[in-house]
Structures are given as structure tokens and as C-alpha cells.
Amino acid sequence: MTGLILKDFLILRKTLRSYLLMLAIYVAVAFLGYWSASFVGGFMMVMVSMLPMNVFAYDKQAKWDVYGLSLPVGRTKTVAARYLAVLIMFAASAVLTTVVSVALNIAGRMEESLGEYLLACTVCAVLAMLVNAMLLPFLYKFGPERARMMFFGVMGVIVLLIVAFLLPLGGLEWLKSLDAPTLEQIAAVPVAAVIAGVVLLVLSFLLSRHFYGAKDV
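Numbers given for residues are sequential positions, taken from 1 along each chain in its written order. Local features in this predicted model are restricted to residues of pLDDT 70 or higher, and side-chain atom pairs are both shown and tallied only at a pLDDT of 80 or more, whereas totals for entire chains, interfaces and linings draw on every residue. Where side-chain values are given, they derive from all heavy atoms of the structure, hydrogens and water being excluded.

Draft legend 1. Quick peek at helix 1 (residues 2–11). Along helix 1, the residues classified as buried are Leu4, Ile5, Lys7 and Asp8. What you see down the axis of helix 1 is that its buried residues fit within an arc of 155 degrees, all on one side. The outward face of helix 1, more than 90 degrees from its buried face, is lined by the exposed residues Thr2 and Leu6. The cut-offs for exposure are 20% and 50% of the maximum accessible area for each residue type, with area from a 1.4 Å probe on protein chains only; residues under the lower value are buried, those over the upper are exposed, and the others partly exposed. Think of it this way: any DSSP run of H or I at least four residues long counts as a helix, any run of E at least two long counts as a strand, and we number them from the N terminus. Arc, as used here, means the arc of the directions from the helix axis to the C-beta atoms.

Encoded structure:
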């Protein structure tokens, strides 16, 4: 299964280099004070959320499924390797976000406080994880072309679900209060994000495993 994870990163090596170059440019602009630091963190999470779609597109172009399923790995481990690769990408982006935030904070180039910045990045990470949790089963079921068209629909569904869930509970007022977050909010949001992300990814994995298991290649 380690080989499958490495395969995904080898496929994305050129794309990752391009993203790192773009990130370096964005960080340099943030150091000059033209962009907010939270914009850089949000950019990183958005870019990571798009990477799995590229992997599926390359796999289909190379007809990987026909070869991959001839290996003694099995469909469940194949899907698990893809999800682990996605988690590694998110973990790497979280580390980079933390490093960038500390560097900007030390340089005095951060408009918001360090806690506000990390909170904003956590919210972006949750949204990116939610997008992937919803999008990966679509990719296994419909393929990259149709799933690509569904991407913006997925984003719209996420917004509607958030509003529908938070509005009756007065959650929108709570979100507005995050403009000046308390220590309790700064501590609670990452914990809630981790729990929600794990639950969503487990459900997403089970659905993807079902779709890939029933797929005729």
C-alpha cells in the first residue's frame, strides 16, 4: 500500500512543484504587506483540495485501474491508499501553514493575531476536508470528468448545509464572533474540526470503497 501512496505523489510531483512556486510568490507578497496572511493559508487548503482530482485524471489517462487491480493489493487497500495520500497532503499543508504563520508573525507582517490566523486556516482546512469527503466518492463513481463538473455543485451544497444547520441554532452570530475569537473558541474549533473531519472521511471512505468495489474495469 505504501507503493500506491508513493505512486500518487510521483504523479503529482510536477503539480506540487508548481504549487510550491505559487506559494512562495504568495508568501513573498504577504511579507511585503500587500496580502493578508490568512489569504495564504486559505490558498494552500484550496490547492490541496484540488489535488485528488488531478490524480484521478492521470490514472484514467494511463488506464491505471486495469493494471492496478491485477496487483495483489485489493480494492479496499487501493482506496485506503488514496485516502491516506490525501491525509498526508493535508498534514503537509498544515505544517507549511504553521511555519508560514510563525515566520510572518516574527517578521511583524501579520495583520491579525496568530490565534486568529490559525483559526481562519482551521476553518479553511475543515471546508477543504469536507469538499474532499464529498468529492472522492463522486470521483470513484463517475470519474474525473463528470466529478470535475460537480465540484462547484458540491461547494454550493456545502454552503447550503452550513447555513441550514447554523441558522436555526444561532450559529451565524457565533461565526461573526470569530472576528475577535476568545481563547475558548480558538481551542474548541480545532478539536471540533478534527472530530468532524475524521467522521466525514470514514463515511466517505466506506462510500468510495463501495463504489470502487462495484466498478467494472
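Draft legend 2. Spotlight on empty space enclosed by the protein. With a 1 Å grid spanning the protein atoms alone, the term cavity applies to any set of points in which a 1.4 Å probe fits but cannot get out, the term pocket to an open set with protein on both sides within 12 Å along at least five of seven lines, and the term lining residue to any residue with an atom within 4 Å of a point. Grid points are joined across faces, edges and corners, and a volume is the space filled by probe spheres set on the points. Overall, the coordinates contain one cavity of 30 Å³ or more when judged by the stated rule. For the largest cavity, the full set of lining residues is Leu4, Trp64, Asp65, Gly68, Leu69, Thr78 and Tyr212. Looking at the lining of the largest cavity element by element, the count peaks at three residues for helix 4 (residues 64–68). Classifying every residue of the lining of the largest cavity by side-chain character gives four nonpolar, two polar and one charged. Throughout this entry, Asp, Glu, Lys and Arg are counted as charged residues, while Ala, Val, Leu, Ile, Met, Phe, Trp, Tyr, Cys and Pro are counted as nonpolar. The remaining residues, Gly among them, count as polar.

Draft legend 3. Geometry of the packing of aromatic side chains. Between rings of Phe, Tyr and Trp, where Trp is taken as its six-membered ring, a pair exists when centres lie within 6.5 Å; planes separated by under 30 degrees are stacked, by over 60 edge-to-face, and by other angles tilted. Applying the stated rule across the entire model yields five aromatic pairs. Look at Tyr83 and Phe205: their rings are 5.6 Å apart centre to centre, the planes differ by 85 degrees, and that puts the pair in the edge-to-face class. A residue pair is termed long-range when its members are at least 10 positions apart, and Tyr83 in helix 5 (residues 75–106) and Phe205 in helix 9 (residues 183–213) qualify at 122 residues. Among the residues examined, Phe205 registers a relative accessible area of 17% and is labelled buried. One aromatic cluster is present, built from ring pairs that chain together Phe56, Tyr140 and Tyr212. Only lysine NZ and arginine CZ atoms are considered, and such an atom sits over a ring when it is within 6 Å of the ring centre and within 35 degrees of the ring normal. One Lys or Arg, Arg82, reaches over the ring of Phe56 and ends 4.6 Å from the middle of that ring.

Draft legend 4. Layout of the packing of helix 1 against helix 5. Interaxial angle, 0 to 180 degrees, is taken between N-to-C directions of lines fitted to C-alpha atoms, where a helix line uses only the stretch in contact. Running from N to C, helix 1 and helix 5 point in directions that differ by 55 degrees, and their axes come no closer than 8 Å. Accordingly, the angle class assigned to the pair helix 1 and helix 5 is oblique. Note that helix 1 runs across helix 5; the crossing there is right-handed. Here Leu4, Ile5, Lys7, Asp8 and Phe9 of helix 1 come into contact with helix 5, specifically with Lys77, Thr78, Ala81, Arg82, Leu84, Ala85, Ile88 and Met89. Each residue belonging to the contact of helix 1 with helix 5 can be placed in one class, and the counts come to eight nonpolar, one polar and four charged. To sort the angles, those under 35 degrees are grouped as roughly parallel, those over 145 as roughly antiparallel, those from 65 to 115 as roughly perpendicular, and the leftovers as oblique. Less than a right angle of anticlockwise turn of the near helix away from the far helix marks a crossing as left-handed, whereas a clockwise turn marks it as right-handed. Working rule for contacts: check all heavy atoms of both residues, and any pair within 4.5 Å makes them a contact.

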